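Fold and geometry: a report
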Amino acid sequence: MTDHLLPEDEPIYVISVAARLVCLHPQTLRYYDRIGLMRPTRTTGRTRLYSRGDIERLKKISRLTDDLGANLAGVEVILNMSERIEALQQELDRTKEQAEQEIARLKQRLKELRERAGIQEHPVINVSARDLTREITTGNEEDAK
């Protein structure tokens, strides 16, 4: 089974492989674990195992420190805020989906009630007052010609 078929949080890389994948020294990964910036899975023998998600997080840490010059305290704040924003976005998406489902349900219920009461639906013409005034004025000028 190739690793792209595994879940992103499946621990599959030992520390030496993880370090090579992100071009960092294994001691750096141990330090990140010690300060709480990373939490790799541990085997019963205490061997650190990193998932693809962990590798992506390590790449983010590396970009933030190397490319943007952030210190590790700043990196922790940035990563925590990014995770919070992602969680909020997912919650917003769920709420939006629920709202859309409720709107569809209410529209269907309204249609059923109108049919039961024998009320025909009439389309609403969406025209602004400005457009209507312009049309009337233009029409009067053409009639005068």
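See the structure shown above.
Nothing here was measured: the structure is a model prediction, and the numbers come from that model.

What counts as what
Note that residues are indexed from 1 along each chain, following the sequence as it is written. Reporting of local features is limited, given that this is a predicted model, to residues whose pLDDT is at least 70; pairs of side-chain atoms are given and counted only at 80 or more, and all residues count toward the totals for whole chains, interfaces and linings. Values shown for side chains rest on all heavy atoms present in the structure; no hydrogens or waters enter the calculation. The way it works is that DSSP assigns letters per residue, a run of H or I at least four long becomes a helix, a run of E at least two long becomes a strand, and they are numbered from the N terminus. It is over C-alpha atoms that the radius of gyration is taken, and the globule rule equals 2.2 Å times the number of residues to the power 0.38. In this scheme, a residue with accessible area under 20% of its type's maximum is buried, one over 50% is exposed, and one in between is partly exposed, where area comes from a 1.4 Å probe on protein chains only. Whether two residues touch is decided by their heavy atoms; if any such pair falls within 4.5 Å, the residues are in contact. By definition, two strands form a pair when at least two bridges between them are found by DSSP. Here an angle of 0 to 180 degrees is reported between the N-to-C directions of two axes, which are lines fitted to C-alpha atoms, with helices fitted over the stretch in contact. Oblique is the label for every angle not falling under 35 degrees (roughly parallel), over 145 degrees (roughly antiparallel), or within 65 to 115 degrees (roughly perpendicular). Handedness of each helix crossing follows the sense of rotation of the near helix against the far helix: counterclockwise by less than a right angle gives left-handed, clockwise gives right-handed. In this classification, the charged set is Asp, Glu, Lys and Arg, the nonpolar set is Ala, Val, Leu, Ile, Met, Phe, Trp, Tyr, Cys and Pro, and all remaining amino acids, among them Gly, are polar. To estimate how far a helix should extend, the number of its residues minus one is multiplied by 1.5 Å. Counting of polar contacts relies on pairs of N or O atoms within 3.5 Å, with two restrictions inside protein: one atom must be capable of donating a hydrogen and the other of accepting it, and residues adjacent in sequence are counted only when both atoms are side-chain atoms. Here, nonpolar core refers to any group of buried Ala, Val, Leu, Ile, Met, Phe, Trp, Tyr and Cys residues whose side-chain atoms link them within 4.5 Å. For patch building, the residue pool is restricted to those with more than 30% relative accessible area and no salt bridge; the joining distance is 9 Å between like charges and 5 Å between nonpolar side chains (Val, Leu, Ile, Met, Phe, Trp, Tyr). Accessible surface area values rest on a Shrake-Rupley calculation with a 1.4 Å probe, where residue burial reflects the displayed protein chains alone. Salt bridge, as used here: a side-chain nitrogen of Lys or Arg that lies within 4 Å of a carboxyl oxygen of Asp or Glu. Arc definition: it is the arc formed by the directions from the helix axis to the C-beta atoms.

Thoughts on the overall build of the chain
What the chain contains, in helices and strands, is five helices and three strands. Scanning the chain from its N terminus toward the C terminus, one meets helices and strands in the order β-α-α-β-β-α-α-α. The C-alpha atoms of the chain give 30 Å as radius of gyration, which overshoots the globular expectation for 145 residues (15 Å, by more than 25%). For the chain, the spread of C-alpha atoms along the three principal axes comes to 90 × 45 × 30 Å. When burial is assessed residue by residue, the chain has 17% of its 145 residues classed as buried. Residue pairs at least 24 apart in sequence account for 50% of intrachain contacts in the chain once pairs closer than 6 positions are excluded.

Considerations on the sheet that holds strand E2 (residues 41-42)
The three strands lie next to each other as E1-E3-E2, forming an open sheet whose pairing is antiparallel. Of all the strands in the sheet, just strand E1 (13-14) and E2 have a single pairing partner and so form its edges. In terms of strand pairing, E1 meets strand E3 (residues 48-50) through two bridges, oriented antiparallel. Pairing of Val14 across the sheet is with Leu49, part of E3.

Remarks on the packing of helix H1 (residues 15-22) against helix H3 (residues 52-67)
In contact at an axis separation of 10 Å, H1 and H3 are set at 45° when each is read in the N-to-C sense. Taken as axis vectors, H1 and H3 run oblique relative to one another. For the pair H1 and H3, the crossing hand works out as right-handed. On H3, the residues that touch Ala18, Leu21 and Val22 of H1 are Ile55, Leu58 and Lys59. Among the residues making up the contact of H1 with H3, the classes are represented as five nonpolar, no polar and one charged.

Examining helix H4 (residues 72-117)
With 46 residues, H4 extends 67 Å between its outermost C-alpha atoms, agreeing within 8% with the 68 Å of an ideal straight helix rising 1.5 Å per residue. N-cap assignment for H4: the residue whose side-chain oxygen lies 3.3 Å from the backbone N of Ala73 is Asn71. Positive phi appears at Gly118, one or two residues downstream of H4, with a value of about 75°.

Re the nonpolar core
Membership of the largest hydrophobic core comes to 16 residues, with the highest contact counts inside it found for Leu29, Tyr50, Ile55, Leu58 and Ile61. Elements with a minimum of two residues in this core: H1, helix H2 (26-35), H3 and H4. Every residue in contact with Ile55, bar those within four places of it in the chain, is listed here: Tyr13, Ala18, Leu21, Val22 and Tyr50.

Some remarks on a nonpolar patch on the surface
Residues Ile125, Val127, Leu132 and Ile136 make up a contiguous nonpolar surface patch of roughly 410 Å² in combined accessible area. Considering the arrangement of structural elements, one finds Leu132 in helix H5 (residues 129-144).

Focus: unusual backbone geometry
Its identity is not glycine, yet Cys23 carries a phi of approximately 55°, on the positive side. Secondary-structure assignment places Cys23 in the loop between H1 and H2. Cys23 gets classed as exposed once you look at its relative accessible area, which sits at 71%.

Here's the deal with H1
All of the buried residues in H1 are Ile15, Ala18, Ala19 and Val22. Buried residues along H1 cover an arc of 100° about the axis, so they all sit on one side. Lining the buried residues of H1 we find E1, H2, E3 and H3. Following H1 by one or two positions, Cys23 adopts a phi angle in the positive range, close to 55°.

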